Amino acid sequence: MPEHAGDAPGPSAVDAFGARWRLDVHGLGAPLDARMRELWRRAAPPHLGGEAEDVRDFVITRADDAVIIDGSPYRVHDDAVPYAVSRALTVASIGRRSGACLLLHAAGVAAPDGTTLALVAPSGTGKTTAARTLGRSFGYVSDETVAIEDDLTVRAYPKPLSVVVDPDSPHDKIESSPDELGLVRAPDRLRLGGVVVLERDPAVDAPTLTEIGLVEAAVEVIPQTSAWLRMAEPATALAGALCAGGGPWRLRYREIADCRALLEGLVRPPAVPPRMDWTWEPGPCLGDGTEARQASAGGDVTGWSTAGRVRRASYRFALHSEGATLAVVGMVPLGLPGLAATLWQAAAEPLGIKALTAAAVAVHGGHPRAAEVVDATVRSLLSSGAFELVTAG
């Protein structure tokens, strides 16, 4: 017989975007254990697999004056236990899936055919409200994490929804199950139909949904990922997801309830193919020891145009689209629009002010103050760490 979330007294089965658990709450005692089973009922997979499947125990029990959640003590009242469990289980699941798929901090909603939208926003800026509101029309996928596999299939995480009860205490939240909130059950098979960057603005009269540039979207979405750079091919994974269904998009709105028709338009058949107007390049190992390089991020670069040349700093990889570049330097993603992208791409080898100005004019046309504009842009690139100063050695 399959093991479901409400089957006491054994552990509840939970599938958190591909990380499967045996959620053992019997140590909490009634009625809290029953409440926990009800909250996580929607996240139960049809069954726990065979011996080859990686299913792990996630135990919550009591000891002295603390609640022990997956081995860590929490000194919280019973009312706060469900939210503490939700946070701990999410973190543990992210740890298990990090590097294996693209993990977006996003609300997820799905059309009846499984086409799924990932609604990306920072914590505390509307993901759960979006999931609660739109989940009455769309299928509820998650209010926290949308996991996207390499083939753009989506792993659901229909966890309990965490709602702030006091705006002055944003970390005090109560949990409600998707069933209690009347949210539609998502289809079993999900596929990414688009990534939407949420921008809530009380001054907006009517919601707008607009296409945005890949690099612009990447700069905003990357902080809302988990362990993105641990993926085997992070550039292609991110670009492929953002361009799914012809995106990425920005949704500006005052009330998310007003956005249903706009979002329904994104998932309405026929499916839109992904944009392919992007390329990426791996970062080469720069330098052969014949030149001395000065690390210049945040340093004095006032005399660079007369005292030396510049080139790209060592970078992991770069993503190019529509005249803009995303360069990942160390662990830092740098969005380079327009002229900055042109200069960065030109400076594969050390160049001085004259050569960089010529490269800028060739792409953007002549300008009476071209050298000054290039000089100011190079200083910015040096300060950000995208460029490094090179002197003869």
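See the structure printed just above.
A few points on the structure. It should be emphasised that the depicted structure is a prediction, and the values quoted were computed from it without experimental measurement.

Quick notes on the rules
- Residues numbered from 1 in each chain as written.
- Predicted model: local features only at pLDDT ≥ 70, side-chain atom pairs only at ≥ 80, totals over all residues.
- Heavy atoms only, no water.
- Phe/Tyr/Trp six-rings, centres within 6.5 Å; stacked < 30°, edge-to-face > 60°.
- Helix = DSSP H or I, 4+ residues; strand = E, 2+ residues; numbered from the N terminus.
- Buried < 20%, exposed > 50% of the residue type's maximum accessible area, 1.4 Å probe, protein only.
- Core = buried A, V, L, I, M, F, W, Y, C linked by side-chain atoms within 4.5 Å.
- Contact = heavy atoms within 4.5 Å.
- Pairing = 2+ DSSP bridges.
- Axes fitted to C-alpha atoms, helices over the stretch in contact; angles between N-to-C directions.

1. Thoughts on the packing of aromatic side chains
Two numbers describe a pair of aromatic rings. These are the distance of the centres and the angle of the planes.
At step 1: All told, the structure shown has six aromatic pairs when counted by the stated rule.
At step 2: Aromatic pair Trp 21 and Phe 58: ring centres 5.5 Å apart, planes at 80 degrees, arrangement edge-to-face. Within this pair, whereas Trp 21 is found in strand E2 (residues 19-24), its partner Phe 58 is found in strand E3 (residues 55-63), the two being separated by 37 residues in sequence. Judged on exposure class, the residue Trp 21 and its partner Phe 58 are both buried.
At step 3: Centre to centre, the rings of Trp 280 and Phe 317 are 6.4 Å apart; their planes meet at 85 degrees, and the pair counts as edge-to-face. With Trp 280 in strand E17 (residues 279-282) and Phe 317 in strand E20 (residues 317-321), this pair connects stretches of sequence that are 37 residues apart.
At step 4: Accessibility expressed as a relative area gives 35% for Trp 280, which makes it partly exposed.
At step 5: The class of Phe 317 is buried, set by a relative accessible area of 6%.
At step 6: Within the aromatic cluster, the residues linked to one another by ring pairs are Phe 17, Trp 40 and Tyr 157.

2. So, the nonpolar core
At step 1: Counting residues in each nonpolar core, the largest one holds 40 residues, and the members touching the most others are Leu 102, Leu 104, Ile 148, Leu 192, Trp 228, Leu 238 and Leu 242.
At step 2: When residues of this core are traced back to their parent elements, those giving at least two are strand E6 (102-110), strand E7 (115-120), strand E9 (145-148), strand E14 (191-200), helix H4 (214-221), helix H5 (234-242), E20 and strand E21 (324-329).
At step 3: Broken down by element, this core gets its largest block of residues, six residues, from H5.
At step 4: Residues contacting Trp 228, with those up to four places away along its chain left out, are Leu 102, Ile 222, Pro 234, Ala 235, Leu 238, Phe 317 and Val 328.

3. Focus: the sheet that holds E21
At step 1: Ordered by their spatial adjacency, four strands build an open sheet running E17-E20-E21-E22, and the pairing between neighbours is antiparallel. Strands with a single pairing partner mark the edges of an open sheet, and in this sheet they are E17 and strand E22 (332-336). Ignoring strand direction, the axes of neighbouring strands in this sheet form an average angle of 15 degrees.
At step 2: Where H4 meets the sheet, it contacts E20, E21 and E22, and its direction lies at approximately 35 degrees from that of E21.
At step 3: In the packing of helix H8 (residues 338-346) onto the sheet, contacts are made with E17, E20, E21 and E22, and the angle to E21 comes to roughly 60 degrees.

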